[in-house]
Amino acid sequence: MKRIIPREEYCIGCRLCEIHCIVQHSKSRNIIKAFKKERRPAKRVEVEEHGHVSFALQCRHCEEAPCITACLSGAMQRDGVSGVVVHDSQRCVGCWTCILVCPYGAVRRDGEGKKVVGKCDLCPDLEVPACVANCPNEALVLVEE
Amino acid sequence: MRKYDYVVVGNSAAAINACDAIRSLDPDGSLALFGEEKRRCYSRPLISYLVMGTVDEKGMYYRPPDYYRRRKIDFHAGSKVEAVDPERRCLETSDGERYKWRRLLLATGFRPFMPPVEGLEEAMYLTFVSWDDARTMLRLTSRPLRSLVMGAGLIGMKAAEALHSRGCEVVVVERMDRVLPLALDETASEMVAARCRESGIEILTGRSVSRVAARGGYRGTAVLDDGAELDFDLLVVAVGVRPRTELAEVAGLRCEGGIVVDEHQRTSEPDVYAAGDAVVAYDLVRGEPTVNALWPVAALQGKYAGLNMAGKEAPYPGGNSMNAVEFFGLPVLSAGVVNPPDASYEVLIRRGEDGDYRKAVIRGDVLVGMLVAGKIERAGILTSLIQERANVRRIKGFLLEEGFGHIHFPRSMREERIVEAVAGLAKQEREARQERERRRR
Ligand SMILES: Cc1cc2nc3c(=O)[nH]c(=O)nc-3n(C[C@H](O)[C@H](O)[C@H](O)COP(=O)(O)OP(=O)(O)OC[C@H]3O[C@@H](n4cnc5c(N)ncnc54)[C@H](O)[C@@H]3O)c2cc1C
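Now for a look at the structure at hand. (Residues numbered from 1 in each chain as written. Chains lettered and ligands numbered in written order. Predicted model: local features only at pLDDT ≥ 70, side-chain atom pairs only at ≥ 80, totals over all residues. Heavy atoms only, no water.)

1. Section: the interface of chain A and chain B
This is how it is decided: Contacts are assigned to residue pairs with any non-hydrogen atoms lying within 4.5 Å of each other. Accessible surface is computed with a 1.4 Å probe, and the buried area is the amount of it that two parts give up when combined, taken over both parts together. The salt bridge criterion pairs a side-chain nitrogen of Lys or Arg with a carboxyl oxygen of Asp or Glu, the two atoms within 4 Å. Distance and chemistry together define a polar contact, namely a pair of N or O atoms within 3.5 Å, with one atom able to donate a hydrogen and the other to accept it when in protein, and with adjacent residues in sequence counting only for side-chain atoms on both sides. Only DSSP runs of H or I with at least four residues qualify as helices, and only runs of E with at least two residues qualify as strands; both kinds are numbered from the N terminus onward. Lys, Arg, Asp and Glu make up the charged group, whereas Ala, Val, Leu, Ile, Met, Phe, Trp, Tyr, Cys and Pro make up the nonpolar group; the residues left over, Gly among them, are polar.
Facing 43 residues of chain A, the contacting portion of chain B comprises 50 residues. Summed over both partners, the interface of chain A with chain B buries about 3800 Å², with 59% contributed by carbon and sulfur atoms. Area buried by chain A at its contact with chain B is led by A:Thr69, A:Leu72 and A:Leu100, which between them contribute 18% of it. Joining chain A to chain B, the criterion identifies 6 salt bridges. Here B:Lys303 and A:Glu64 are joined by a salt bridge, their closest N and O atoms 3.1 Å apart. Linking chain A with chain B are 23 residue pairs in polar contact (both at pLDDT 80 or more), by the criterion used here. Elements with a contribution of two residues or more to the side of chain A that touches chain B: strand S1 (2–6), strand S2 (45–50), strand S3 (53–58), helix H3 (66–70), helix H4 (97–101), strand S6 (108–110) and strand S8 (140–144) of chain A. Looking at the side of chain A that touches chain B residue by residue, the classes come out as 19 nonpolar, 9 polar and 15 charged.

Structure, rendered in structure tokens:
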């Protein structure tokens, strides 16, 4: 399956990955509309930064995914075909148990008041996920097993 | 007598995750599941959401409608297992049917604890632990009622929240001096209690119900230990849960405050396994067997029981007390030791200007507990450090910072978690690169 690996030696901390992630998961997928007009979805990639070091991190799609086992409603599941850890927002009740157990801090609350979480889905509609495609310095690498 | 390769008793978190695990290794072995409740497996923690209308009936189910068929599970719905004979490897249901098994899992869950309160046995009340209870609550609260909830643990508070959403007057009586005393620390308890009170729920802590007088139907009067009298139209009793061990005891399995299991979820009898709220199993933080009556823990134990039943040597990694709650817009997450018992623990606390609150509990440079209220994002990183028993000496100063993350870990630890954990991909990448370089030369 597809996986994304961050390379801190190349990351410049520009956070374009976060911006393009938000755009890709917005209603219009248009950067201006996503940021100015629509309800802005939560970013599913997070740039961690400290001093001069930075890197972007999103769901690792763990082999033994704690979020799947812990999910109270059954909304968090592994896609049998792609192996991606997918989140069914229809079934999510927003109990935050996945946030409590994700070792990467890769699940976040999505939207104000709307009790649903969001996480990296590896951009199923794109050949290359938006964060990887839009990284100006190849600090996110897509690998495929 | 029909014989199954695997029989699972119970139909909830532990049972279903066991079935999934069995099927991941053994797609065809015969598998039967007995559930006392007639319904397909549903998410028990969602019953308050059902009452509040934030989840509909369809949303209650943990798995899709064709789950049992697809997994080739003989689902004996509404069938209670009455007795188990480990020696002859057979069981008997309450309908008198008998089955044989090669490997058995008891995932019988919990039962509500009934306090010895005078008059309670004669009274009608809800314990709020099942879908049926939620239905009853919905039916009874078609008109707003005066309700009384005994116990401010997770179930009591969820019941209070549900009743409140139905327009009921709600009084919660808790014997301890604060709400959610096990899941939260004093500060977070106060924060939650304040939210509840602001929303109109009355909370009486440090008090207990000493007598109940039934007045027909669900109505009655409760007399508190200080003599105060409270009339109610509906009483919810939620003062704790206990492992449901009656079947295990009849079968002669070792029980010590729960069914005793080894690290492979095996009970004291060969080929009999147990998992979930019925079980005392290894707790990572306490370092000893503990009952952690929690959905994620039950699910994880079920998974490991299933793997072992299907023949894989898979030791249970251990559970951990952890809670995610949200009351009236205030989310609180906690894991491990949040109320350190003595001064050998180091406690770090951080309060944000916007009222959020974070706490880390450390012992001998190992993070053993955490609690975050308000801003909960990324708290799972702390939970994972607790579970990995990681030494946090060098990152102590950052643990509670807003931007805390892997960036603060020593680089080797970060690489291990982020890069190498991705299934040896770093290695593959390196090999691919070397291969490319070799070709270029
Ligand atoms: C209102 C409420 C809110 C909760 N909220 C949370 C939460 O937010 N987070 C969390 O982690 N946990 C929560 N819990 C706890 C969680 O529901 C339990 O930890 C979990 O359900 C335990 O799963 P289990 O598989 O061990 O057993 P259970 O869910 O207890 O199920 C056991 C099943 O086995 C069946 N059974 C028992 N004996 C027999 C028999 N002899 N024959 C046939 N069938 C039998 C029972 O009928 C039952 O269906 C909540 C619980 C309640 C009631």
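2. Concerning the nonpolar core
This is how it is decided: Among buried residues, the Ala, Val, Leu, Ile, Met, Phe, Trp, Tyr and Cys ones that are joined through side-chain atoms within 4.5 Å form a nonpolar core. Exposure is judged per residue with a 1.4 Å probe applied to protein chains only, and the accessible area is read against the type maximum: over 50% gives exposed, under 20% gives buried, and values in between give partly exposed.
Counting residues in hydrophobic clusters, the biggest one holds 75 residues, and the most contacted among them are B:Leu105, B:Phe128, B:Met137, B:Met157, B:Val192 and B:Val332. Here this core gets 7 residues from one element, more than from any other, and that element is helix H1 (residues 13–25) of chain B. Of all hydrophobic cores here, the second largest spans 71 residues; its members include A:Cys17, A:Cys59, A:Cys131 and B:Val337.

3. Considering the pairing of strand S2 (residues 31–35) of chain B
Put simply, side chains in a regular strand alternate between the two faces of the sheet. Residues and elements named next belong to chain B. Short version of the rule: Handedness of a crossover is defined as follows: with both strands directed away from the viewer, a clockwise route from the first strand across the helix to the second makes it right-handed. Here, any two strands with at least 2 DSSP bridges between them count as paired.
Counting buried positions along S2 yields 5 of 5 residues, so the element is predominantly enclosed. This β-α-β element, strand S1 (residues 2–9) to H1 to S2, shows right-handed connectivity. Where S2 and strand S3 (residues 73–77) come together, 5 bridges link them in parallel fashion. Bridging from a neighbouring strand, Leu-31 pairs with Ile-73 of S3.

4. Quick word on the site of the ligand
Short version of the rule: Proximity is defined per residue: any heavy atom of the residue falling within 4 Å of a molecule or strand makes that residue near it. Method for areas: the Shrake-Rupley scheme with a 1.4 Å probe, in which residue coverage is limited to the protein chains shown. Delimitation of the domains relies on an automatic or database domain assignment.
Near the ligand lie 34 residues; those nearest to it are B:Ser12, B:Glu37, B:Arg44, B:Val81 and B:Asp277. Of the chains in the model, those with residues near the ligand are chains A and B. B:Phe110 is positioned with one of its backbone polar atoms (N or O) 3.2 Å from an oxygen atom of the ligand. Taking 1000 Å² as the accessible area of the ligand by itself, protein coverage stands at 96%. Contributions of two or more residues to the shell around the ligand are made by H1, S2, helix H5 (154–165) and helix H8 (295–309) of chain B. Here the shell around the ligand gets 3 residues from one element, more than from any other, and that element is H8(B). Of the residues that constitute the shell around the ligand, the class distribution is 20 nonpolar, 8 polar and 6 charged. Both domain 1 (2–111 + 243–309) and domain 2 (120–239) of chain B contribute no fewer than three residues apiece to the shell around the ligand.

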